Amino acid sequence: MISLYGVSKRYNERGSRADQGFEALSSVSLEVGQGEIHGIIGSSGAGKSTLLRMLNGLEKPDSGEVTVGGQQLTRMSESALRQARRSIGMIFQHFNLVSNRTVIGNVCMPLELAGVSRSEREERGLEVLRFVGLEDKAKQYPAQLSGGQKQRVAIARAIASRPDVLLCDEPTSSLDPQTTNGILDVLRHVNETLGVTIVLVTHEMEVARRLCHQISVMKEGRIVRTLTEAEVRSIPAPQPDLLTSLLTGEEAEPWETEDEER
Ligand SMILES: Nc1ncnc2c1ncn2[C@@H]1O[C@H](COP(=O)(O)OP(=O)(O)OP(=O)(O)O)[C@@H](O)[C@H]1O
């Protein structure tokens, strides 16, 4: 469903030479299968968000190929890219809701842009709000909602246009542990019920462990390790030091190979 091949990205200071600047991604290759939930984990500045933004064309690689749903984003015109983005939803750490629009108004925004009729918008908007458990909040404004409810609205907005892929950039980083669990349940529901492929960026191993089928570990612009489903399922919970030991290459392979209850 998603494939990155040899993707590199350098951010240059204004006026600097092309070979100066900072290499945020360095020849990254990654495959994410249809229906998979793939975690991208790493410390701050590792290149996680840059990689995620490659997957909807918000960021262009200097070299390499990015393919999503059989479409090569790297070779597309801006108008083709806008069209392709309709099948790629995205949610963010700070929800990015429009404050002067109601909940249903926010959820229907992508449908308005896609030219869906008013009556169908209302119907689909309420349908996705029901899916995330917030149908009763349709007429409220974002300021009247808790953080967890705002993220549910953002998820409803992202799935309203029935995407094949959902990109999640630190979706639980502003939330307390209990609310985080609720959001992870909603994302699992999106994956299992709607068959949406999910790529989740996080710096919290516990979040990745609970939700993801596979987890790629990033360090200094590279994927240094991808944990298979069997490895992820056998990480004993909670494992606060695992990310540090994976990054330093000192991990003592703490997981067993047989499946464990999550
Ligand atoms: N537009 C930009 N211009 C210049 N440098 C950038 C830009 N965007 C990101 N960077 C740099 O690229 C590196 C990777 O950034 P990125 O946001 O992808 O990392 P991250 O792993 O998501 O970090 P965090 O967890 O802190 O969000 C960082 O050093 C960052 O400062």
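In the annotation of an unreviewed UniProt entry, the chain is listed under the name Methionine ABC transporter ATP-binding protein and assigned to Paenibacillus illinoisensis.

Colleague: Describe the site of the ligand, naming the residues involved and giving the relevant values.
Modeller: With respect to spatial proximity, the complete set of residues near the ligand consists of Tyr11, Phe22, Ala24, Ser43, Ser44, Gly45, Ala46, Gly47, Lys48, Ser49 and Thr50. A distance of 2.5 Å separates an oxygen atom of the ligand from a polar atom in the side chain of serine 44. The fraction of the free accessible surface of the ligand (630 Å²) that becomes covered by protein chains is 57%. Mapped onto the shell around the ligand, the elements with two or more residues apiece are strand E2 (22–32) and helix H1 (48–54). Among the elements that make up the shell around the ligand, the one with the highest residue count is H1 (three residues). Partitioned by chemical class, the residues of the shell around the ligand number four nonpolar, six polar and one charged.

Colleague: Quick one: what's the story with the sheet that holds E2, residue by residue and with numbers?
Modeller: Read across the open sheet, the four strands follow the order E2-E1-E4-E5; overall the sheet is antiparallel. The open sheet has two free edges, formed respectively by E2 and strand E5 (71–72), since each of these has just one partner strand.

Colleague: Now, about the packing of helix H4 (residues 118–131) against helix H5 (residues 147–160): what can you tell me, with residues and values included?
Modeller: Between H4 and H5, the least distance of the axes is 9 Å, while the angle of their chain directions is 130°. By the angle between their directions, the pair H4 and H5 is classed as oblique. Crossing angle aside, the handedness with which H4 passes H5 is right-handed. Contacts from Arg124, Val128, Leu129 and Phe131 of H4 reach H5 at Ala156, Ile159 and Ala160.

Colleague: Tell me about the sheet that holds strand E8 (residues 197–202), residues and numbers included.
Modeller: Note on sheets: strands pair through backbone hydrogen bonds, and any given pair is parallel or antiparallel. Read across the open sheet, the six strands follow the order E6-E7-E8-E3-E9-E10; overall the sheet is mixed. Each edge of the sheet is formed by a strand with only one pairing partner; in this case those strands are strand E6 (88–91) and strand E10 (222–227). Within the sheet, the average angular offset between the axes of one strand and its neighbour, ignoring direction, is 20°. The pairing of E6 with strand E7 (residues 165–169) spans four bridges and is classified as parallel. Each residue of the ladder has a partner; that of isoleucine 88, found in E7, is valine 165. On top of the sheet, H5 reaches E6 and E7; it is set at about 170° to E6, its chief contact.

Cut-offs used in this document
Within each chain, residue numbers correspond to sequence positions counted from 1 in written order. pLDDT decides what is reported in this predicted model: residues at 70 or higher carry local features, side-chain atom pairs at 80 or more are listed and counted, and totals for whole chains, interfaces and linings draw on all residues regardless. Calculation of side-chain values draws on the structure's entire complement of heavy atoms; hydrogens and water are dropped beforehand. For this purpose, a residue is taken to be near a molecule or strand whenever a single non-hydrogen atom of the residue falls within 4 Å of it. Distance and chemistry together define a polar contact, namely a pair of N or O atoms within 3.5 Å, with one atom able to donate a hydrogen and the other to accept it when in protein, and with adjacent residues in sequence counting only for side-chain atoms on both sides. Only the protein chains shown count as cover for residues, with accessible areas throughout obtained via the Shrake-Rupley method and a probe of 1.4 Å. Working definition: helices are DSSP H or I runs of at least four residues, strands are E runs of at least two. Numbering for both runs from the N terminus. For this classification, the nonpolar set comprises Ala, Val, Leu, Ile, Met, Phe, Trp, Tyr, Cys and Pro, the charged set comprises Asp, Glu, Lys and Arg, and every other residue, Gly included, is treated as polar. When DSSP finds two or more bridges between a pair of strands, those strands are recorded as paired. Between N-to-C directions, angles span 0 to 180 degrees; the directions come from axes that are lines fitted to C-alpha atoms, helices contributing only their stretch in contact. The scheme is simple: roughly parallel for angles under 35 degrees, roughly antiparallel for over 145, roughly perpendicular for 65 to 115, oblique for anything else. Note on convention: near helix rotated counterclockwise from far helix by under a right angle means a left-handed crossing. Clockwise means right-handed. Should any heavy atoms of two residues lie within 4.5 Å, those residues are counted as being in contact.

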